[in-house]
Amino acid sequence: MAGLQAHPIPSREVMREALNIRHGEDLQNKISAARVAVCGLGGLGSNIAIALARAGVGHLHLIDFDRVDLTNLNRQQYAVGQLGQYKTDALRETLSLVSPYCDVTCDTIQVTEENLPDLLKTEDYICEAFDRAEAKAMLVSGVLEHFPEKYLVAGSGLAGLGSANTIQTRRVSQRFYLCGDGTSDSSVGLGLVASRVLVCAAHEANMILRLIAGETEP
């Protein structure tokens, strides 16, 4: 934009100290060491990833096979100039501006029952952020089967313009959490709107950060 000058990127140490001031050094040590997978980079996943990167999560694994489409721009963290790019590439680009020292791994691939065990083997925390109910169910079942020791945070029910207060985080089992209102469906009536999608994404990101901090209650 006219009148704006590029600012040199602060050093890793300077950026880390800024986070230490906000979060405290002990907590930031935990956040910086955390490894989080974000499965699906649409309205939920793109917002989750940016929130986690801003908090200083040290390692993000981004997984999606889709490209940025014009219909994504009403709620997903992409720009017009990124249309046609793979979402993994576009979001990596954005994250490099937000958190340049975050270690970002990308897999431009569709998650399946067959490749799930290999794709998610190195992450401690897994975010489910798919659009389709079948894909959500497959991921949840696969993680619970293959990685019962990992934390899983998923989303369900975020469509429409219902009250944001109906979106909640609940603990389904010892290491499985579900965010959303649990009922609204984007295929019925008003679809996905940025404001409500952001609320659910924030719930998922916040639960991940709470788990990293050692807090297990929603």
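Everything here concerns the structure above.
Anyway, here's the lowdown on the structure attached to this text. These numbers come from a predicted model, not from an experiment.

## Observations regarding the pattern of salt bridges
Part 1 of the argument: Across all of its chains, the model carries six salt bridges by this definition.
Part 2 of the argument: Put simply, Lys136 and Glu128 hold a salt bridge, and the shortest N to O gap is 3.0 Å.
Part 3 of the argument: Take Glu128: its relative accessible area is 1%, and that puts it in the buried class.
Part 4 of the argument: Among the ionic pairs, Glu217 bridges to Arg171, the shortest N-O distance being 2.8 Å. Of this pair, Glu217 sits in the segment after helix H7 (194-213) while Arg171 sits in strand E6 (residues 168-173), and the two are 46 residues apart along the sequence.
Part 5 of the argument: Residue class for Glu217 comes out partly exposed when judged on its relative accessible area of 47%.
Part 6 of the argument: Exposure remark for Arg171: the relative accessible area of 31% places this residue in the partly exposed category.

## Observations regarding the packing of aromatic side chains
Part 1 of the argument: Within this structure, the stated rule accounts for one aromatic pair.
Part 2 of the argument: A centroid spacing of 5.8 Å and a plane angle of 10° characterise the contact between Tyr125 and Tyr151, whose relative ring orientation is stacked. Of this pair, Tyr125 sits in strand E4 (residues 125-128) while Tyr151 sits in strand E5 (residues 151-155), and the two are 26 residues apart along the sequence. There is no split in this pair, since Tyr125 and Tyr151 are both buried.
Part 3 of the argument: Note that Arg67 overlies the ring of Tyr86, its terminal NZ or CZ placed 3.9 Å from the centroid.
Part 4 of the argument: Note that Arg175 overlies the ring of Tyr151, its terminal NZ or CZ placed 4.5 Å from the centroid.

## Digging into the packing of helix H3 (residues 43-54) against H7
The relative placement of two packed helices comes down to the angle between their axes together with the axis-to-axis distance.
Part 1 of the argument: Where H3 meets H7, the closest approach of the two axes is 8 Å, and the angle between their N-to-C directions is 45°. When the axes of H3 and H7 are compared, the pair comes out oblique. Once H3 is placed against H7, the crossing between them reads as right-handed. Residues Gly43, Leu44, Asn47, Ile48, Ala51 and Leu52 of H3 form the contact with H7, whose own contacting residues are Val197, Leu198, Cys200, Ala201, Glu204, Ala205, Ile208 and Leu209.
Part 2 of the argument: Of the residues assigned to the contact of H3 with H7, the class counts are 11 nonpolar, two polar and one charged.

## Regarding the environment of Cys106
Part 1 of the argument: Tracing the sequence through the fold places Cys106 in strand E3 (residues 103-107).
Part 2 of the argument: Since its relative accessible area comes to 18%, Cys106 is described here as buried.
Part 3 of the argument: When the C-alpha positions of Cys106 and His61 are compared, they lie 5.8 Å apart, and in sequence the two are 45 residues distant.
Part 4 of the argument: Excluding residues within four positions of it along the chain, Cys106 makes contact with Leu62, Thr88 and Arg92.

## Focus on the sheet that holds E4
Either a parallel or an antiparallel arrangement is found when strands of a sheet pair, and the pairing is made through backbone hydrogen bonds.
Part 1 of the argument: As summarised here, the arrangement of the seven strands in space is E3-E2-E1-E4-E5-E7-E6, forming an open sheet in which the pairing is mixed. Every interior strand has two partners, whereas the edge strands, E3 and E6, have only one. Strand-to-strand twist in this sheet, taken as the mean axis angle between neighbours without regard to direction, amounts to 20°.
Part 2 of the argument: Of the strand pairs in this sheet, E6 and strand E7 (residues 176-180) are connected by five bridges, and their pairing is antiparallel. Within E7, the position partnered with Thr169 by the bridge is Cys179.
Part 3 of the argument: Strands in contact with helix H6 (residues 133-146) are strand E1 (35-39), E4, E5 and E7; relative to E5, the strand with the most contacts, it is inclined by about 170°.

Rules of the game
Residues numbered from 1 in each chain as written. Predicted model: local features only at pLDDT ≥ 70, side-chain atom pairs only at ≥ 80, totals over all residues. Heavy atoms only, no water. Salt bridge = Lys/Arg side-chain N within 4 Å of Asp/Glu carboxyl O. Buried < 20%, exposed > 50% of the residue type's maximum accessible area, 1.4 Å probe, protein only. Helix = DSSP H or I, 4+ residues; strand = E, 2+ residues; numbered from the N terminus. Phe/Tyr/Trp six-rings, centres within 6.5 Å; stacked < 30°, edge-to-face > 60°. Lys NZ or Arg CZ within 6 Å of the ring centre and 35° of its normal. Axes fitted to C-alpha atoms, helices over the stretch in contact; angles between N-to-C directions. Parallel < 35°, antiparallel > 145°, perpendicular 65-115°, else oblique. Left-handed = near helix turned anticlockwise from the far one by under 90°. Contact = heavy atoms within 4.5 Å. Nonpolar A, V, L, I, M, F, W, Y, C, P; charged D, E, K, R; others polar. Pairing = 2+ DSSP bridges.

Treat this as a map of the structure, not an account of what it does.
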